[in-house]
Amino acid sequence: AVSTSEALTLGLFTSTYKPIPHGGVTGWDQTRQATWPATTATLISGPRHAVLVDVLLTTSEGERLARWVPEPTAADLDLIYVTHGHADHFFGAGPILDRFPSARLVSRPEVVEEARLQTAEASIATWNSWFDGQFDTAANVPEAYLADSVDLDGHPLRVIAVGGADGVTGTVVHVPELDVVVSGDIAYNGIHMWLWGSTPESRAQWLASLDALEALRPRTIIAGHRDPGAPDDDAHRILDESRQYLHDFDRAVTEAGTAAGVVDAMLATYADLGNPYTLYAAAMTQ
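Residues numbered from 1 in each chain as written. Predicted model: local features only at pLDDT ≥ 70, side-chain atom pairs only at ≥ 80, totals over all residues. Heavy atoms only, no water.

Novice: Is there a simple way to explain the sheet that holds strand S14 (residues 220–226) in this structure?
Specialist: The strands making up a sheet associate through backbone hydrogen bonding, with each pair oriented either parallel or antiparallel. Taken in spatial order, the five strands of this open sheet run S10-S11-S12-S13-S14, and their pairing is mixed. Looking at which strands have only one partner, the edges of the open sheet turn out to be strand S10 (149–152) and S14. In this sheet, neighbouring strand axes are inclined to one another by 30° on average, regardless of whether the strands run parallel or antiparallel. Here six bridges tie strand S13 (residues 180–189) to S14, and the two strands are oriented parallel to one another. If you follow glycine 184 over to S14, its bridge partner there is alanine 223. Those strands touched by helix H5 (residues 200–215) are strand S11 (155–164), strand S12 (169–175), S13 and S14, and its axis lies near 155° from that of S13. (Pairing = 2+ DSSP bridges. Helix = DSSP H or I, 4+ residues; strand = E, 2+ residues; numbered from the N terminus. Axes fitted to C-alpha atoms, helices over the stretch in contact; angles between N-to-C directions. Contact = heavy atoms within 4.5 Å.)

Put into structure tokens, the structure is as follows:
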């Protein structure tokens, strides 16, 4: 458990880094294993019911997550909330829904159409290029959740559409009682941020989303991508580091002029961050 109150408990599941084909990314050492970033799922439990936030990508991850969720005799899983419409946060829902058939897979209306696009033929082909045979190609798409909060055994969880982040609309789950925000991919913790195809404008939008996240005044942020060895989930550190990464990437793109130059400039400061393949992939799209 990451955080608890008298009535609520918050638990964190973090996946491992997943091997993927390198895909000819510019500058990447072809003898080095490329990986997909480690991803989180968060269980918020009351005495009688629970809400799960994000459900990973592959079938095996979904199966491990389903085994990790405590038996429903302790708390019935009513709702599975998807923070944003990237497949690596909801394609793993199948095993969870099999185990908890009364649970609803939902997201904010802003997210549903973006999530549906991930199940289109072209998107499935892209995901297959990385994870062929490892995920449900007929994955469940979340239904629209129209309310702006969830009543969890009398305790409010706020679901908030914050704004742009790593390519789609970012939403968060705010647990005021615990001073926790489950941020999806608006904030990253110890992992290179996904800036594939980003622009100065989209990076400015992402910075504004981090400001909106800070305005909720959380003590703890559960990032959608979190290094398994991250020292903590301290909101101030995570917000500061996420902001600085975006500023530094912006500067590197402006000053370096080449993909290799962007990578070198970023690694001079961020050599210890997880999933460097993400950085190489982002640099080649600038």
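Novice: So what exactly am I meant to see when it comes to helix H4 (residues 121–131) here?
Specialist: Owing to its 3.6 residues per turn, the α-helix aligns residues three or four sequence positions apart on the same side. Those residues of H4 not exposed but buried are Ser123, Ile124, Trp127 and Phe131. Seen end-on, H4 carries its buried residues on one side only, within an arc spanning 95°. The exposed set on the far side of H4, more than 90 degrees from its buried face, consists of Glu121 and Ala122. Contact partners of the buried residues in H4: strand S3 (18–20), strand S4 (34–36) and helix H3 (109–117). Count one or two residues on from H4 and you reach glycine 133, which has phi positive near 75°. (Buried < 20%, exposed > 50% of the residue type's maximum accessible area, 1.4 Å probe, protein only. Arc of directions from axis to C-beta.)

Novice: Looking at this structure, I do not really get the pairing of strand S7 (residues 76–81). What am I missing?
Specialist: Pairing geometry for strand S6 (residues 49–53) and S7, over five bridges, is parallel. Of the residues in S7, the one forming a bridge with histidine 49 is aspartate 76. Here S7 pairs with strand S8 (residues 104–107) via three bridges, running parallel. Bridge pairing in S8 links tyrosine 81 to valine 106. What joins S7 to S8 is helix H2 (residues 93–99), and the crossover it makes is right-handed. (Right-handed = clockwise from strand over helix to strand, strands pointing away.)

Novice: Explanation requested: the nonpolar core in the structure shown.
Specialist: In a soluble, globular protein the nonpolar side chains are often hidden away together inside. Within the largest apolar cluster, 70 residues are counted, with the highest numbers of intra-cluster contacts made by Leu52, Leu77, Ile80, Ile96, Trp206, Leu210 and Leu213. Considering every element that reaches this core, the biggest residue donor is helix H6 (residues 235–256), with seven residues. Excluding anything up to four places from it in sequence, leucine 210 contacts Ile186, Ala187, Leu239, Ser242, Arg243 and Leu246. Ile44, Val51, Tyr145 and Ile222 belong to the second largest nonpolar core, which has 19 residues in total. (Core = buried A, V, L, I, M, F, W, Y, C linked by side-chain atoms within 4.5 Å.)

Novice: It is not clear to me how the side chain of arginine 226 should be interpreted in this structure. Could you clarify?
Specialist: Mapping arginine 226 onto the fold places it in strand S14. For arginine 226, a relative accessible area of 9% corresponds to the buried category. Setting aside its immediate chain neighbours within four residues, arginine 226 contacts Leu12, Thr14, Ala38, Thr40, Asn189, Ile191, Asp232 and Asp233.

Novice: Is there a simple way to explain the packing of aromatic side chains in this structure?
Specialist: Two descriptors summarise a pair of aromatic rings, namely the distance from one centre to the other and the angle between the planes of the rings. Counted under the stated rule, the structure contains 14 aromatic pairs. Grouping aromatic residues by their ring pairs yields a cluster made of Trp36, Trp127, Trp130, Phe131, Trp194 and Trp196. (Phe/Tyr/Trp six-rings, centres within 6.5 Å; stacked < 30°, edge-to-face > 60°.)

Novice: What should I look at first to understand the pattern of salt bridges in this one?
Specialist: Opposite charge on two side chains permits them to pair, given that their charged atoms come into close proximity. Within this structure, the stated rule accounts for 14 salt bridges. A salt bridge links arginine 219 to aspartate 179; the nearest nitrogen and oxygen atoms lie 3.0 Å apart. One end of the pair, arginine 219, is in the loop between H5 and S14; the other, aspartate 179, is in the loop between S12 and S13, and 40 residues separate them in sequence. On the accessibility criterion, aspartate 179 (31% relative accessible area) is partly exposed. Linking arginine 243 and aspartate 240 is a salt bridge whose minimum nitrogen-to-oxygen distance equals 3.9 Å. Within this pair, arginine 243 and its partner aspartate 240 are both found in helix H6, separated by three residues, close to a single helical turn. (Salt bridge = Lys/Arg side-chain N within 4 Å of Asp/Glu carboxyl O.)

Novice: Just checking my understanding: could you explain the environment of phenylalanine 249 for this structure?
Specialist: In this structure, phenylalanine 249 sits in helix H6. If we ignore the near neighbours within four places in the chain, the residues touching phenylalanine 249 are Leu195, Ser198, Arg203, Val262, Met266, Leu279, Ala282 and Gln286.

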